[in-house]
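Chain residues, written in single-letter form:
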Amino acid sequence: MYRDRLSLFPDTVALGPAKDDRPSLHIGGCDLNGLAAEFGTPLYVYDQQTIDGAVQAYRDALSCHYPGAAGITYAGKACMNVTIARLMAAHGLLLDCTGVGELHIARAAGVPRAQILMHGVNKNQADLQAGLAQAGTLVVDNLPELQRIAQLAGGGRTPALWLRVRPGYAVDTHLFHQTGQHDSKFGMDADECINAVAFCQRTGLPVTGLHFHQGSHFHAAAEVVPALDMVCGLMDRLRRERNWQAEALCPGGGWGIAYHEADLPHESIEEYVATVAAALTEKLSSYSLPLPRLQVEPGRSLVARAGVAIYRVGTVKRAGGRRWLLLDGGMADNIRPALYEARYSALPVSDPVSRTPISENAWLAGPYCESGDLLIEDLPLPEIEMGELLAVPVSGAYQLMMASNYNGALRPAVVMLRDGVARLAQRRETVDDLLLRDIV
Ligand code: LLP
């Protein structure tokens, strides 16, 4: 009954022999027991092959379904560190950095300027200065921002500017993940975009593209169609009213994934890209507009399934008829269940799929001083002993980026796995790190 869960794990998941002769979970050719012993827990491991495969899936789908030029931007907010930034840059992706902080990581990773794109809904002076000096593309959220860019620009090469359109259509997802609706804080409506192009034409700013993003973690590809229709209509107006054509169009990211076996099967990356490409080509041809470069911008669907979180069960408790498995991590490294009611699954690392099921479901919680520190509710799991390791799949996107030091928690180590080799990408925080910003 637990076997379905294996398909939530990275592509390289396998059951291999462990030292106690029970089969254990292997990823990227590495035994998770061994990794936990070497790097400690909680531990986040990433399977490089799964990331490579997701990039390839986008690439193949774009070349198969879109007749024009196309590319991929990785939304770095899903998971950003030097190792991931280098990997995405080596794949030839653009790297979306939200503000000066992520840009700093991209630069430390040696990502070339041409591959850096900057986002941000309310960029401060430091963001704008860094973006103008170091990004190849800057996505402009609003007209006041454009005016500030005009004041700051000059003296160097100005990045290509893309205007963020507010299409008026969100996708069906958690309320906190919706961005495309009429009253969203993000982007500009059609009239504002026309004014923005006129402003760039007057001031000589290099506006070359349009961008929109309807929201994150949606599951029906057809939801992009109304927004694409709106943006194609805007492109038609821009050509007629401003004699301006977009060289690039980015329909954002947001393609969803399966976190739990109940979310399977999930529409593929190819179905999503095919729908975007078909709707765009059809609509543009109805306006006799040329095809812009299509630049998709996924985050989660590139990295989430590559990541697995490994926790150790400290205590098994029964309270009021509930079986509690108390883990050494929780809301400090994964706030998503508390924030979005995100539903995860898990397997024991040793003998993961062939143990005898028991009728009593498990409630997995962390060590923090909140009842909301609940990682997984009501999950069928076999008898689990204290000291065992549990692996939570689909942990590669947003968890670590939203991690905190709540209760003095130390952010976990991050390890990249490939062909049986484990490379530390980020060390575990130490208690001394907790004092780094204090004036002592
Ligand atoms: N492009 C823009 C402009 C975005 O704001 C985002 C995500 C993406 C692309 C990538 O979306 P993705 O493909 O990863 O769904 N913390 C939340 C997700 C917030 C997403 C914010 N923007 C979570 O844990 O689910």
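A short tour of the structure in this document, coming up. Note that this is a predicted model, so its numbers are computed, not measured.

Taken together, eight strands build a closed barrel; the order of strands is β5-β6-β7-β8-β9-β10-β11-β12 and the barrel is parallel. Between one strand axis and the next, the sheet turns by 25° as a mean value, whatever way the strands run. Pairing analysis gives three bridges linking strand β10 (residues 207–211) to strand β11 (residues 248–250), with the strands arranged parallel. Bridge pairing links G209 to A248 in β11. Relative to strand β9 (residues 160–164), helix α7 (residues 190–203) is tilted by about 160°, and along the sheet it contacts β9 and β10.

The next point concerns the pairing of strand β2 (residues 23–27). It is a general feature of regular strands that their side chains alternate between the two faces of the sheet. Of all five residues in β2, four are buried, a share of seventy percent or more. Bridge count between strand β1 (residues 14–17) and β2: four bridges; the pairing is antiparallel. Pairing of P17 across the sheet is with P23, part of β2. Pairing analysis gives two bridges linking β2 to strand β3 (residues 30–31), with the strands arranged antiparallel. The partner of I27 across the bridge, within β3, is C30.

Another point: the site of the ligand. Taken together, 19 residues surround the ligand, and among them S216, G254, R300, R336 and Y398 come closest. In this structure, S216 approaches the ligand through a side-chain N or O atom, which is 2.4 Å from an oxygen atom. Burial of the ligand by the protein amounts to 91% of the accessible area it has alone, namely 590 Å². Applying the majority rule of atoms within 2 Å of the grid points places the ligand in the largest pocket. Among the residues forming the shell around the ligand, the class breakdown is five nonpolar, nine polar and five charged.

So, how was this worked out
- Residues numbered from 1 in each chain as written.
- Predicted model: local features only at pLDDT ≥ 70, side-chain atom pairs only at ≥ 80, totals over all residues.
- Heavy atoms only, no water.
- Pairing = 2+ DSSP bridges.
- Helix = DSSP H or I, 4+ residues; strand = E, 2+ residues; numbered from the N terminus.
- Axes fitted to C-alpha atoms, helices over the stretch in contact; angles between N-to-C directions.
- Contact = heavy atoms within 4.5 Å.
- Buried < 20%, exposed > 50% of the residue type's maximum accessible area, 1.4 Å probe, protein only.
- Near = heavy atom within 4 Å.
- Polar contact = N/O pair within 3.5 Å; in protein donor to acceptor, adjacent residues only side chain to side chain.
- Areas by Shrake-Rupley, 256 points an atom, 1.4 Å probe, with all protein chains shown as cover.
- 1 Å grid on protein atoms, 1.4 Å probe; cavity = no way out; pocket = protein on both sides within 12 Å on 5 of 7 lines; lining within 4 Å.
- Sits in = over half its atoms within 2 Å of the grid points.
- Nonpolar A, V, L, I, M, F, W, Y, C, P; charged D, E, K, R; others polar.

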